[in-house]
Amino acid sequence: MPAPKKAAEEIQALREQINRHNYLYYVLDAPEIGDAEYDRLFQRLVELEGKYPELVTPDSPTQRVGAAPLEAFGTVRHMFPMLSLNNAFEVAELQEFDRRVKTFADLPPGEVITYVAELKIDGLATCLRYEDGLLVSAATRGDGAVGEDVTQNVRTIKTIPLRWLSGSALPGTVEVRGEVHLQRSEFERINKEQEAKGEATFANPRNAAAGSVRQLDSRITAKRRLNFFAYEVRAAEPRFPTHSQGLQRLREAGFPVNPHSKTIEGIDEVAAYCLDWQQRQGELDYNVDGVVVKVDEIAIQNRAGWVSRSPRWAIAYKFPAEEALTVVRDILVSVGRTGVLTPVAIMEPVFVDGSTVQRATLHNEDELRRKDVRVGDTVVIRKAGDVIPEVVRVLPEKRTGKEKKFAFPNKCPACGGPAVRPEGEVAYRCLNPACPAQVRGNLEHWGSRGALDIVGLGEQTVEALVSNGLVKDVADLYTLTKEQVKGLERFADKSADNLVRAIEGSRSPTLARFIYGLGIRHVGDHVAEVLAEHLGTVEKFLEASAADLSQVSEVGPVIAASVEEYVRNPGSRALVAKLLSVGVRPQPVRKAEVTEGPFVGKTVVFTGGLSSLTRQEAERLVKNQGGRISSSVSKETDYVVAGDKPGSKHEKALKLGVRVLSEEEFLRMGRTAEH
DNA sequence: CGCCCTCGAGTTCC
DNA sequence: CTCGAGGGCG
């Protein structure tokens, strides 16, 4: 039996009323009706929807109670990458930021820029996707490009509209970014509850919010009153000329936008806002860790541009981090895989900012001297960034005279061999290539994610393999048998099998991973990729010369010399030969032969800044399509791509009559060729 | 040569 | 995340 029209109308009316009261209650904190009245409306809606299940829609307020647990989270690709921000810790850095914006946006130094200052909520950056005004997905930040799908959990957050308020929706697909967080009062309530249940408590509101959003059972999430502040709206076509107008529209659409966000003229007033809230942060019922400052006008934002993955037109002013006092019990020296000696302070365990800390790097001899850290000293520590502990300074007034100055060793603590600090460098290095610390480090590196990606070959396993004499170098891994591994402590049948299988599975790495895995000085994953692309095969790699390599973009004299030295060294040649003989087969780089297209056999030169892709991406595009890159313009040059603020190369191109392309024209040529 | 940016390498805790 | 150092450009 179809639902009567009257029921449908009543349901619609109830939803509108409930949404409105939700908004008044949760977002504006100004309810117009009492709880009993609200419950009556809600119950009536539940009743009608129970009677006519075909009328239940995903944006109904009854759909916020959570759903059955998930097995695992899926992933969502963000429409626009979620960027990271540069930090400022002092007013001077804000002024430097202001100066840079003007430089890059071509504005006179005297110009007064309009900024928007927003409190930086200490929660979880979350990206909501709406299609024609209806919430379709919610994702965590993840790596910036792809995040975890937490839609079920986010639907339970009462302040997040399941549908934009009528009349305010932007058509098409729109992303709303914001911060999911917990109020301090709610955090305390949850912890009391956890305690009563005998379950683990959360260290701070951020961890509690993160734990709640990453709950596989959204019914648990629904019981925690998570909150949300929206701070950005993005659509394929920019809809607003200023950031503040975007925020205004979010407010109109029913999103909670932080009430303290403020449009401010000039950086000096922005700095005053930052310092003011630094003082007053305790007045808020949620944690903030700073202020985000954005250029208001989108046109200026675009002119200021981006550096790598962070915008030049925004900065995070960070409040001073929580600090704690502790005592240095000892200073140890660790030896990395490259033989670098790094001093580490071992401290009385102390709780700072969500976790208990007892180690902190002291970086190197110079840093240690600068801070003058001695064993027995009382030190101030804090978290640099979110996790890494840092010794800020020593409190000399706490000294008793019994503290011991640390003498930096000139012997390697791992092998006892000589350690030297080359002129002009900050690090001491152990010179013994057979040093057990380096041997272990090389093995771990070989198995690491960016290299051969051997799951299970961690620190513990490497230690066990080496100390039992089963493995001396990375090639030995490939002749390990399950029986040998089973003889080790902690290795049962199953885990031994897993390890041997994981090693087997790594026999055909890409050439880039293979080169990276060898651990050549100055060759990280990126440079390894560049080298592999240029060399193509492991045979060519073994013949690499500095003269040839330094022609390659991104490879300078230092890297070129380092690689040549590696491939000439008899020890490393022997290792590569051994790897090949035990059946490791680095895959030659397959270059699809491009025979037609606009760039085949052409030489291209870039000048000026590109906006929609990086210089390196553009160069790769040309190379993939059979072209060559050159750094200077001559009559041999076929195209000069002139980006923003082109330099002298542009003039030279005009003089020589070389074809000049705009970024747009270049992209069009590249794209048509890709199909 | 100086500036800006990116990369490499080392590090902590759960 | 942070430091130091390498590479590219003007």
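Look above for the structure.
No experiment lies behind these values; they were computed from the predicted model shown. For every chain, the first residue of its written sequence is number 1, and the numbers climb from 1 along that sequence. Here chains are named by letter from A upward and ligands by number from 1 upward, in the order in which they appear as written. Residues qualify for local features only when their pLDDT is at least 70, as the model is predicted, and side-chain atom pairs are given and counted only at 80 or more; totals for whole chains, interfaces and linings, by contrast, use all residues. Only hydrogens and water are set aside; all other atoms, that is, all heavy atoms of the structure, feed into the side-chain values.

(A) Structural detail: the overall build of chain A. Numbered from the N terminus, helices here are DSSP runs of H or I no shorter than four residues, and strands are runs of E no shorter than two. Scanning chain A from N- to C-terminus turns up 24 helices and 24 strands. Its C-alpha atoms put chain A at 85 × 75 × 60 Å along the principal axes. The rule is simple: take the accessible area with a 1.4 Å probe, protein chains only, and divide by the maximum for that residue type; under 20% is buried, over 50% is exposed, in between is partly exposed. Buried positions account for 45% of the 675 residues belonging to chain A. Sequence separation of 24 or more characterises 67% of the internal contacts of chain A that already satisfy a separation of 6 or more. Charge counting follows a simple rule: Lys and Arg are positive, Asp and Glu are negative, and His as well as the terminal groups are ignored. To locate a charge, take atom NZ for lysine, CZ for arginine, CG for aspartate or CD for glutamate. Charge-centre separation for chain A: the mean point of 89 positive side chains lies 3 Å from the mean point of 94 negative side chains. Every residue pair with non-hydrogen atoms within 4.5 Å of one another is taken to be in contact.

(B) Structural detail: the protein's contact with DNA strand B. Taken together, the neighbourhood of DNA strand B is formed by 25 residues, with Arg 312, Ser 334, Thr 338, Gln 358 and Gly 524 sitting nearest. Between DNA strand B and the protein, one listed contact pairs a phosphate oxygen with a side-chain N or O atom of Arg 312 at 2.8 Å. The term polar contact refers here to a pair of N or O atoms within 3.5 Å; inside protein, the definition further demands a hydrogen-donor-capable atom paired with an acceptor-capable atom, and it admits residues adjacent in sequence only when both atoms are side-chain atoms. Within the side chain of Thr 338, a nitrogen or oxygen atom sits 2.4 Å from a phosphate oxygen of DNA strand B. Listed by contribution, the elements that provide at least two residues to the surface near DNA strand B are strand E15 (340-352), strand E16 (355-361), strand E18 (388-394) and helix H17 (525-535). All residues other than Ala, Val, Leu, Ile, Met, Phe, Trp, Tyr, Cys, Pro, Asp, Glu, Lys and Arg, Gly among them, are scored as polar; the first ten of these are nonpolar and the last four charged. The residue inventory of the surface near DNA strand B, partitioned by class, reads eight nonpolar, 12 polar and five charged. If even one non-hydrogen atom of a residue comes within 4 Å of a molecule or strand, that residue is called near it.

(C) View of the side chain of Asp 98. With respect to the secondary-structure elements, Asp 98 resides in helix H3 (residues 91-104). By relative accessible area, Asp 98 is classed as buried at 8%. Here Asp 98 is in contact with Ile 113, Tyr 115 and Ile 267, once residues within four sequence places are set aside.

(D) Representation of the sheet that holds strand E3 (residues 114-121) within the structure. Within the open sheet, the five strands sit side by side as E2-E13-E10-E3-E9. Their pairing is mixed. In the strand order of this sheet, the two ends are held by strand E2 (86-88) and strand E9 (262-265), each with one partner. Here the strands of the sheet are splayed against their neighbours by 35° on average, with no regard to which way each runs. Strand direction decides the pairing type here: E3 and E9, joined by four bridges, are antiparallel. In this analysis, strands are considered paired if DSSP registers two or more bridges between them. Interaxial angles span 0 to 180 degrees and are taken between N-to-C directions of axes, which are lines fitted to C-alpha atoms, for helices over the stretch in contact.

(E) Examining the sheet that holds strand E22 (residues 628-630) more closely. Taken in spatial order, the four strands make up an open sheet running E22-E21-E23-E24, and their pairing is parallel. Of all the strands in the sheet, just E22 and strand E24 (659-662) have a single pairing partner and so form its edges. In this sheet, neighbouring strand axes are inclined to one another by 35° on average, regardless of whether the strands run parallel or antiparallel. Pairing geometry for strand E21 (residues 603-607) and strand E23 (residues 639-642), over four bridges, is parallel. Note that in E23 the partner of Phe 606 across the bridge is Val 641.

(F) Geometry of the pattern of salt bridges. Basic side-chain nitrogens of Lys or Arg form a salt bridge, by our definition, when they fall within 4 Å of a carboxyl oxygen of Asp or Glu. One pass over the structure, following the stated rule, counts 41 salt bridges. The salt bridge partner of Arg 421 is Asp 366, with a shortest N-O separation of 3.0 Å. Here Asp 366 lies in helix H11 (residues 365-371) and Arg 421 lies in the loop between strand E19 (419-420) and strand E20 (428-430), a separation of 55 residues in the sequence. Relative accessible area serves as the criterion here: at 28%, Arg 421 is assigned to the partly exposed category. For Asp 366, a relative accessible area of 26% corresponds to the partly exposed category.

(G) Here's a closer look at the nonpolar core. One finds Trp 446, Leu 477, Tyr 478 and Phe 541 to be the most contacted residues of the largest nonpolar core, which totals 54 residues. Looking at this core, you find at least three residues from each of domain 4 (436-504) and domain 5 (511-581). Leaving out residues up to four positions away in the same chain, Phe 541 has contacts with Ile 515, Leu 518, Ile 520, Leu 535, Val 563, Tyr 566 and Val 567. We call a set of buried Ala, Val, Leu, Ile, Met, Phe, Trp, Tyr and Cys residues a nonpolar core when their side-chain atoms join them within 4.5 Å. Bear in mind that the domain bounds are from an automatic or database domain assignment.

(H) Representation of the packing of aromatic side chains in the model. The pairing test for Phe, Tyr and Trp rings, Trp by its six-membered ring, is centres within 6.5 Å, and the orientation test on the planes gives stacked under 30 degrees, edge-to-face over 60, and tilted for anything in between. Inspection of every chain in the model, using the stated rule, returns 10 aromatic pairs. Ring centres of Phe 229 and Tyr 286 lie 5.3 Å apart, and the angle between their planes is 70°; on these two criteria the pair is classed as edge-to-face. Taken as a pair, Phe 229 in strand E8 (residues 227-235) and Tyr 286 in the loop between helix H9 (267-280) and strand E10 (288-295) lie far apart in primary sequence, 57 residues in all. Phe 229 gets classed as buried once you look at its relative accessible area, which sits at 13%. Judged by relative accessible area, which is 8%, Tyr 286 ranks as buried.

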